[in-house]
Amino acid sequence: MPTATISFDKFNQLQDDACHQRIRAARERLGNKAVLLCHHYQRADVYQYADLTGDSLKLARLASQTEAQYIVFCGVHFMAEVADIMSQPGQTAILPDLAAGCSMADMANLAKVERCWRELGEVLDVDQQVTPVTYINSAADLKAFCGAHGGIVCTSSNAGTIATWAFGRREKILFFPDQHLGRWTGHKMGIALDEMEVWDPDLEMGGLSVEQIRHAKLLLWKGHCSVHQMFQPAHILRFRNQHPDGLVISHPECSFEVCRQSDFVGSTEHIVRTIKEASPNTRWLVGTELNLVNRLAEEVRHEGKIVQFMAPTVCMCSTMQRIDPQHLAWTLENLADGKVVNPIQVPEHEAELAKVALERMLTVS
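Reading the values: rules and limits
Residues numbered from 1 in each chain as written. Predicted model: local features only at pLDDT ≥ 70, side-chain atom pairs only at ≥ 80, totals over all residues. Heavy atoms only, no water. 1 Å grid on protein atoms, 1.4 Å probe; cavity = no way out; pocket = protein on both sides within 12 Å on 5 of 7 lines; lining within 4 Å. Points joined across faces, edges and corners; volume = space filled by probe spheres on them. Helix = DSSP H or I, 4+ residues; strand = E, 2+ residues; numbered from the N terminus. UniProt positions renumbered as here; feature names shortened; annotations may be inferred. Buried < 20%, exposed > 50% of the residue type's maximum accessible area, 1.4 Å probe, protein only. Contact = heavy atoms within 4.5 Å. Core = buried A, V, L, I, M, F, W, Y, C linked by side-chain atoms within 4.5 Å. Pairing = 2+ DSSP bridges. Axes fitted to C-alpha atoms, helices over the stretch in contact; angles between N-to-C directions. Phe/Tyr/Trp six-rings, centres within 6.5 Å; stacked < 30°, edge-to-face > 60°.

Chemist: Describe the layout of surface pockets, and please don't skip the residues or the numbers.
Modeler: The computed volume of the largest pocket comes to approximately 330 Å³. Lining the largest pocket are 31 residues, and of these Tyr41, Asn137, Cys225, Glu253 and Cys317 sit closest to its centre. For the lining of the largest pocket, the elements supplying multiple residues, two or more each, are helix H4 (56-65) and helix H5 (77-86).

Chemist: Residues and numbers for the UniProt feature "binding site: [4Fe-4S] cluster" (unreviewed entry) in the protein, please.
Modeler: Mapped onto this numbering, the UniProt entry annotates "binding site: [4Fe-4S] cluster" (unreviewed entry) at Cys102, Cys225 and Cys317. Their sequence span is 216 residues, while the largest C-alpha to C-alpha distance among them is just 9.3 Å; these annotated residues converge on one region. Considered against the largest pocket, the annotated residues that line it turn out to be Cys102, Cys225 and Cys317. Inspection of the secondary structure puts cysteine 102 in the loop between strand S4 (92-94) and helix H6 (110-121).

Chemist: Quick rundown of helix H8 (residues 140-148)? Include the residues and the values.
Modeler: Helical geometry: 3.6 residues make up each α-helical turn, so side chains three or four residues apart lie on a common side. Extensive coverage of H8 is indicated by the burial of 7 of its 9 residues. For H8, the secondary structure elements touched by its buried residues are H5, H6, strand S5 (130-135), strand S6 (152-154), strand S7 (172-176) and helix H17 (348-364). Just past H8, the residue glycine 150 takes up positive phi, approximately 70°.

Chemist: Kindly report on the nonpolar core, identifying the contributing residues and their values.
Modeler: Leu120, Ile275, Leu328 and Leu332 are the most contacted members of the largest nonpolar core, which has 130 residues in total. No other element matches H5, which puts 7 residues into this core. Excluding its chain neighbours within four sequence positions, the residues that come into contact with isoleucine 275 are Ile249, Trp284, Val286, Leu296, Val300, Lys305 and Val307.

Chemist: I'd love a proper account of the sheet that holds strand S3 (residues 70-74), names of residues and values included.
Modeler: Taken in spatial order, the 5 strands make up an open sheet running S2-S1-S3-S4-S14, and their pairing is mixed. The sheet terminates laterally at strand S2 (52-54) and strand S14 (343-344), the two strands that pair on one side only. Bridge count for strand S1 (residues 34-39) against S3 is 5 bridges, and the pairing is parallel. Paired with alanine 34 across the strands is tyrosine 70, a residue of S3.

Chemist: With reference to specific residues and values, describe the sheet that holds strand S13 (residues 306-309).
Modeler: Hydrogen bonds between backbone atoms are what pair the strands of a sheet, whose relative direction is either parallel or antiparallel. As summarised here, the arrangement of the 4 strands in space is S11-S10-S12-S13, forming an open sheet in which the pairing is parallel. Looking at strand neighbours, the two that pair on one side only are strand S11 (264-265) and S13, the edges of this open sheet. Where strand S12 (residues 283-287) lies against S13, 4 bridges are found, and the strand directions are parallel. Bridged to leucine 285 within S13 is glutamine 308. Strand contacts of helix H14 (residues 268-276): strand S10 (247-250), S11, S12 and S13, with the helix running at about 160° to S10, the strand carrying the most contacts.

Chemist: Please provide a residue-by-residue account of the packing of aromatic side chains, values included.
Modeler: Taken as a whole and assessed by the stated rule, the structure comprises 6 aromatic pairs. Ring centres of phenylalanine 8 and tryptophan 330 lie 5.4 Å apart, and the angle between their planes is 70°; on these two criteria the pair is classed as edge-to-face. Residue phenylalanine 8 is found in the segment before helix H1 (9-12), and its partner tryptophan 330 is found in helix H16 (residues 325-336); the two are separated by 322 residues along the sequence. The two residues phenylalanine 8 and tryptophan 330 agree in class, both being buried. Relative to tryptophan 221, the ring of phenylalanine 176 lies with its centre 6.1 Å away and its plane at 65°, an arrangement referred to as edge-to-face. Within this pair, whereas phenylalanine 176 is found in strand S7, its partner tryptophan 221 is found in strand S9 (residues 218-221), the two being separated by 45 residues in sequence. One exposure class covers both phenylalanine 176 and tryptophan 221, and it is buried.

Structural data, given as structure tokens:
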């Protein structure tokens, strides 16, 4: 069998129509050897080929259950890492474009988290008082850090359940990398805002005093989603003035003020389910990624439901957008020829510890 892969250069300039023909042909050749997982934020021209779809929690479960030899993850890097960690021996996780990363995940790295842990240890008995909780939107080595320190992974679907588990073990949580999901989760649990402090990893002791660290129940990493930070309370106010009977639903990665002014707050799965189960002829303002909102608007239009995007500017996940028909065609055609491109392989020692934290999440959830 030839060892050389087909160069991406042969696909980079292909028109979309040609790519779609080659995607369909390669999938037919592959049969059930490959499964395509797509996140809700994936662009429509790729999402149409998905075998399995969902939010991060659902896809983590699906990645652990599929029996296909190849798991082609149409998402971003941390999602493909989860697929690799949760996969069975002999399976290969693949990311069609290695440049599909996550700016939020990049806001917390292992060196800074370890420094944070050491600095907290100067004030607290950190291994007895603090449970590290990482959002699934993080690198595998941070999941491994949580696995090694009695911590756990969460998603936007189960953050409240995971936080309850964590507080049942220790009195404080270090939550990274998204401060907004952590803050909203704490608020829903009845934790006062002055008991939730933001840890700035670029400042000594996170920019906090000893008193603040001791008083805090939730230490929130200074990180955010570049998409969800674009939504503003003013967008909701304008909508309510124009449509007093309209409903607002937001993702918990939005700012605290946006979440507080929304009628519903939840994960992408929650947003999809809530709007699909709503009464006909309702109008919705949605604070999450553009591809999901546009797809959902089309799916419920026949019921007279109007679904509109919260921000006046375009807010899509630009890194996930990198998984385009050209990269998907290139990936699948190589696979059909027996050649693997862009495999995602988490180092074994990291994978073992990360799997501990992920399996804790799946058990608790």
